[in-house]
Structures are given as C-alpha cells and as structure tokens.
Amino acid sequence: MPAVTADTLTLPRLPEPAAGAVERPVASVTAAPSGFEGEGFPVRRAFAGVPLEALDPFIHMDQMGAVDYGPGEPRGTDWHPHRGFETVTYIIDGAFRHQDSNGGGGLITDGATQWMTAGGGILHIETPPEELVVSGGLFHGLQLWVNLPSADKMAPPRYQSLEGEQATLVSSEDGGALVRIVAGDVAGHGGPGVTHTPITFLHATVAPGARLHLPWRPDFNALAYVLSGSGRAGSEGRPVGEGDLVVFGPGDHLLLRADAHRSTATPNLELVVLGGRPIREPVAWYGPFVMNTRAEVIQAVEDYQAGRLGVVPAGALMPHHPGPSREPRVN
C-alpha cells in the first residue's frame, strides 16, 4: 500500500480526549456488497443498506479493488455526466487518468486525490493509463460522492488535484497510527482539500494492537470504512473487518482499535474516516444526477441530452482496449 507513509514518532500527535469528552457510540456496522462499475471494474458499495439521513452530506462511496490485474484487464469508465454534487477519487495503489469538459485533468496515483465539483454540470472520464492496461498490476482506491446544498448545486464546475504529499500527516496519541488528512480539520490540523460542504476526510493506518482516538466536531456525522485488516470500534468494542462501514452516534470524539494479531497480507487496520455537517434537504437521485426534486433531475437529463452539461473535447482521453480479457483477481 504505497499511499503516503511516514515515521509516526516524528509527527504531531493528536491529543488524548479531554476530561468530560463524550465518546461516540457505534450506531451500526454494515458489510459492503460487491459489484462492478464503469466498463467492469470490481467495487464494494460502501454505503449500501445505510439510510441517507445517516450518511448526509454523503451520497455514495465505492471501494475500487483492491484488485491485482493481469495484462489487458484494467478497466475504467467512459465519458459520462454529473450534476449537483462533488466526486472525490482517492487512489491508494495503481493509477487513474482523469479528464473533464471544464479543462481539468491529470494522473491520480499513490495517495493522490482528485476532487471534482460537478456543480451545474460537467462531463468526465476516469480510466487507467495505457501502460497499466498493458502491464496489469495492483489497483486500489475510493470514490466518494459529496452532496451539495441547493444553493450550490448549480455552482460553476471546479477541479482540484491533491498530490499525496500535500495531505497533512499526524499520528495518534500513542504513535501507533498514521493519519493522512485530505480535507477538513482534526484537532486544528487541516487538510488541503477545499470543499463547498463542510466535511472531514482522512485515511488512517493503525498498527496491530494500537488505538486511534479522533477528536470530532459534534455537529458532524461520523463514519469509518475498513479498507483492510480487522479491529474494534467504539468503547463497546464492536468487531469490524474489511468492507465494513461503521456509523457512529453523537459525541465529540471516536475510538478505533486494531487487533493485536498480525496477518501477513494485512497486518494493519486500514480505514477511511469521514464526516460532515448534514445538509438536511430533500434528495432526488437518478444515476449521475443528485438534485433536490424530481423536476430538477428531469431538467438535468434534458440538459445533458441537449449538450448543455458540456462536450467531450477534441482529441479527448478515451478508454484503452487492448483486446479480450478475463475476470480480474480481487484481493
């Protein structure tokens, strides 16, 4: 897992919970089902089965892989539209290329994040680079959809390319966990991502037997998704493992622990922790459009069909198809 690493003993430490702090209880733990997206790359639907009101301001999250592709197997998406929200693509292993109709684009790899505000409308493509398609290799990442409030749904599109080294690095109070803050703030340590909707998004690596206490804004919800490894959530010690989503209740800090036993394949507890201030507005969601009303969704479809969400640029990036392939090997 080559997402940014560091010596936790040299990093700023997160504080111990203050006297009188309220630890967030575990409200639920759900297992993400598997499926396929785009041209056929394997995903886990991290939010499946969880009510939108518990996720707000988030809408959708896919764990892409981890998958060990053979030559000719890597897959991405073709050009497609979005309106009314932001897409956040975080790549842990491997690489993805992005291009959009607003001029944004680049290579996302090894701890980098692409933050695209679709706003009033945009077309984009995400596809593995030709060299990865030809050679194959390990691929692992996440895509998160962050809702926009009604006042910002028609905002101008925006693109942010956040390299892995731009993430703010801190360690847990015992030095046993590395925390990469991509957006938002944890105990005064802010990440580089600029967001319309106030949120926090981070990737933590917790060593076997270590614990992670995270101060958390009381007005934010709190979610933790396990990428790999196993551990416990909350003071009640709810068991969690790969593909589990933890929804926490109210409070001002949360607790996660890694199991003490070591697995050769996944020795650490790897997880994404995220939360935000709920928007509390109606959600009308159809495919790549997330609006407030059915009429707005119908308008988005009509605008896309009329070419008003953008056009594919001349000489645009396209998926690379080297020939027939077999099913990928999912780790």
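Scroll up to find the structure.
What you see is a predicted model, and the numbers here were worked out from it, not measured in a lab.

(A) How the structure looks around the overall build of the protein. A tally of helices and strands in the protein yields three helices and 27 strands. In the protein, buried positions account for 55% of the 331 residues. When contacts within the protein are restricted to residue pairs at least 6 apart in sequence, long-range pairs at least 24 apart make up 75% of them. Only carbon and sulfur atoms are counted for the fraction: they give 54% of the accessible area of the protein, which is about 13,000 Å². Taking the 22 positively charged and 36 negatively charged side chains of the protein as two groups, their mean positions are separated by 3 Å.

(B) Expanded view of the pairing of strand β8 (residues 105–109). Bridging between strand β7 (residues 95–100) and β8 involves five bridges; their strand directions are antiparallel. Along β8, the bridge assignment pairs H98 with G106. Joining the antiparallel neighbours β7 and β8 is a turn of four residues, in which G103 adopts a positive phi near 100°.

(C) Focus on the pairing of strand β4 (residues 58–69). In terms of burial, β4 is a largely internal element, 11 of the 12 residues being buried. Pairing of β4 with strand β11 (residues 137–147) involves 10 bridges; the strand directions are antiparallel. Directly across from H60, in β11, lies its bridge partner W145.

(D) Broad picture of a nonpolar patch on the surface. A contiguous nonpolar patch, built from L52, V283 and W285 and spanning about 230 Å² of accessible area, is present on the exposed surface. Of note, V283 is situated in the loop between β24 (269–276) and β25 (284–286). V283 gets classed as partly exposed once you look at its relative accessible area, which sits at 34%.

(E) Seen up close, the nonpolar core. Of all hydrophobic cores here, the largest spans 28 residues; its most connected members are L214, W216, F248 and V273. Elements that contribute at least two residues to this core include exactly β14 (177–183), β17 (199–206), β18 (211–215), β19 (223–228), β22 (244–248), β23 (253–258) and β24. Setting aside its immediate chain neighbours within four residues, F248 contacts R24, P25, V26, A27, A222, L223, A224, A233, G234, L254, L255 and L256. Among the nonpolar cores identified, the runner-up in size contains 27 residues, and V88, W115, F201 and L245 belong to it.

(F) Quick look at the pattern of salt bridges. A complete count under the given rule lists eight salt bridges for this structure. Put simply, E86 and R158 hold a salt bridge, and the shortest N to O gap is 3.7 Å. Placement of the pair is E86 in strand β6 (residues 85–93) and R158 in strand β12 (residues 158–162), with a sequence separation of 72 residues. Of the residues examined, R158 reaches a relative accessible area of 28% and is grouped as partly exposed. Here R211 ties to E173 by a salt bridge, and the two come within 2.9 Å at their closest N and O atoms. Taken together, the residues R211 in strand β18 and E173 in the loop between β13 (168–171) and β14 connect sequence positions 38 residues apart. Judged by relative accessible area, R211 falls into the partly exposed class, the value being 23%.

Criteria and cut-off values
Here the residue numbers are simple positions, counted from 1 along each chain's written sequence. Residue-level local features of this predicted model are given only where pLDDT is at least 70; pairs of side-chain atoms are given and counted only at 80 or more, and the full residue set underlies all totals for whole chains, interfaces and linings. Hydrogens and water molecules were not included; the side-chain quantities draw on all heavy atoms of the structure. Runs of H or I in DSSP of at least four residues are treated as helices and runs of E of at least two as strands, each being numbered from the N terminus. For every residue, the accessible area (1.4 Å probe, protein chains only) is compared with the maximum for its type, and the residue is labelled buried under 20%, exposed over 50%, or partly exposed between those bounds. Between two residues, a contact is recorded if the distance between any of their heavy atoms is within 4.5 Å. All accessible-area figures derive from a Shrake-Rupley calculation using a 1.4 Å probe, and residue coverage is judged against the displayed protein chains alone. Counting rule applied: Lys, Arg positive; Asp, Glu negative; His and chain ends not counted. By convention, the charge on Lys lies at NZ, on Arg at CZ, on Asp at CG and on Glu at CD. Only strands joined by at least two bridges in the DSSP assignment are considered to pair. Patch membership is restricted to residues that have no salt bridge and whose relative accessible area is over 30%. Joining uses 9 Å for like charges and 5 Å for the nonpolar side chains Val, Leu, Ile, Met, Phe, Trp and Tyr. By definition, a salt bridge exists where a carboxyl oxygen of Asp or Glu is found within 4 Å of a side-chain nitrogen of Lys or Arg. Only buried residues count toward a nonpolar core, which is a set of Ala, Val, Leu, Ile, Met, Phe, Trp, Tyr and Cys residues joined through side-chain atoms within 4.5 Å.

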